[in-house]
Amino acid sequence: MTTTLITGATRGLGHETARRLVAAGHTVWIGARDPERGRAVAAGLGARHVALDVLDDDSVAAAAATVAAAGGLDVLVNNAGIAGARRPVSETSPEDVRHVFETNVFGVVRVLQAFLPLLERSPAPVVVNVSSGMGSLAITTDPERLESGIVGLAYPSSKAALNMLTTQYAKAYPALRINAVDPGYTSTEFNGHRGWKPVEQGAEVIVRMASIGAGGPTGAYVDEDGPIPW
Ligand code: NAP
């Protein structure tokens, strides 16, 4: 039995990933900063729930203790993320950038720090970092790609940092499979449902990379069609 924790699983891509992994037979923990929502979502999906705010050391430590006491963890999906205010570059302050990094970058480090000891005890430990094509230097400078037309400081740089965290953690923990994924522009509250992919399609690559097991790749960056350039 594979036990999986998904951060920010109350809605959007995290929720759909949870639904799919429950159907695939995983024991799924819904990580939710609002415990009531977490409880309701978990009940609807046949999952477990744990209070988890990626910004809060005590919350993350308590979540790790809860998951450890229930038997441990095999798969961690670092999905919780924010877009931040969409401001022109000239109006973006250091505080705007820091705000997004707190969740998308430092939150992931906080969660990994707490859960890596549990993952190291799994026979097939897997981490999926939910990144974005907006975090790719290659994609955001390719005029053929939609992402090259979007200009912003906070979110793209946070996902670029997450990509680097992914390769560095992958090197530091060779026994784990640690990868970054780009779900693509997906209709969720994150973008006011402007994304053109349905959530079932966006979650596909997250589900696939959460299911790779011990024989899968590590230090990779993939979308639904396979590896993508950093
Ligand atoms: P979403 O619908 O806005 O969901 C984001 C989830 O993250 C929510 O459950 C939210 O919880 C949670 N969250 C935010 N801050 C948190 C915190 N401090 N602690 C715990 N949970 C927190 O967004 P989504 O589209 O599903 O995005 C999921 C991931 O995919 C993000 O990392 C995003 O960057 C990435 N992504 C999305 C797209 C896209 O087009 N949608 C494309 C590429 C990458 P609350 O309900 O409590 O706010």
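Here is what the cut-offs are and how they apply
Residues numbered from 1 in each chain as written. Predicted model: local features only at pLDDT ≥ 70, side-chain atom pairs only at ≥ 80, totals over all residues. Heavy atoms only, no water. Near = heavy atom within 4 Å. Polar contact = N/O pair within 3.5 Å; in protein donor to acceptor, adjacent residues only side chain to side chain. Helix = DSSP H or I, 4+ residues; strand = E, 2+ residues; numbered from the N terminus. Nonpolar A, V, L, I, M, F, W, Y, C, P; charged D, E, K, R; others polar. Buried < 20%, exposed > 50% of the residue type's maximum accessible area, 1.4 Å probe, protein only. Arc of directions from axis to C-beta. Contact = heavy atoms within 4.5 Å. Phe/Tyr/Trp six-rings, centres within 6.5 Å; stacked < 30°, edge-to-face > 60°. Expected span 1.5 Å × (residues − 1).

### A look at the site of the ligand
Point 1. In the vicinity of the ligand lie 29 residues, with Arg11, Leu13, Asn79, Tyr155 and Thr188 positioned nearest.
Point 2. For the ligand, an oxygen atom lies 2.8 Å from a polar atom in the backbone of Asn79.
Point 3. Within the backbone of Gly184, a nitrogen or oxygen atom sits 3.4 Å from an oxygen atom of the ligand.
Point 4. Those elements that place two or more of their residues in the shell around the ligand are helix H1 (12-23) and helix H6 (154-172).
Point 5. Across the shell around the ligand, the residue classes tally to 11 nonpolar, 12 polar and 6 charged.

### Details of unusual backbone geometry
Point 1. In this model, His193 sits at a positive phi of 60°, which is unusual for a non-glycine residue.
Point 2. Tracing the sequence through the fold places His193 in the loop between strand E6 (177-181) and helix H7 (199-202).
Point 3. Taking the relative accessible area as the measure of exposure, His193 reaches 49% and is therefore partly exposed.

### Remarks on helix H2 (residues 35-45)
Point 1. For H2, the set of buried residues is Gly38, Val41, Ala42 and Leu45. For H2, the angular spread of buried residues about the axis comes to 100°, placing them on one side. Exposed and facing more than 90 degrees away from the buried side of H2 are Glu36, Ala40, Ala43 and Gly44.
Point 2. Elements in contact with the buried residues of H2: H1, strand E2 (27-32) and strand E3 (48-51).
Point 3. Directly beyond the C-terminal end of H2, a positive phi value near 75° is found at Gly46.

### Observations concerning the packing of aromatic side chains
Point 1. Per the stated rule, a full pass over the model turns up 4 aromatic pairs.
Point 2. Ring geometry for Tyr169 versus Tyr173: centroids 6.5 Å apart, planes at 35°, classification tilted.
Point 3. Using a relative accessible area of 23% as the deciding quantity, one classes Tyr173 as partly exposed.

### Here's the deal with the environment of Ala161
Point 1. Inspection of the secondary structure puts Ala161 in helix H6.
Point 2. Sequence separation between Ala161 and Leu76 is 85 residues; the distance between their C-alpha atoms is 19 Å.

### Some points on H6
Point 1. End to end, H6 covers 27 Å across 19 residues, agreeing with the expected 27 Å (1.5 Å per residue, within 8%).
Point 2. Restricting attention to buried positions, one finds in H6 the residues Ala154, Tyr155, Pro156, Ser158, Lys159, Leu162, Asn163, Leu165, Thr166, Thr167, Tyr169 and Ala170.

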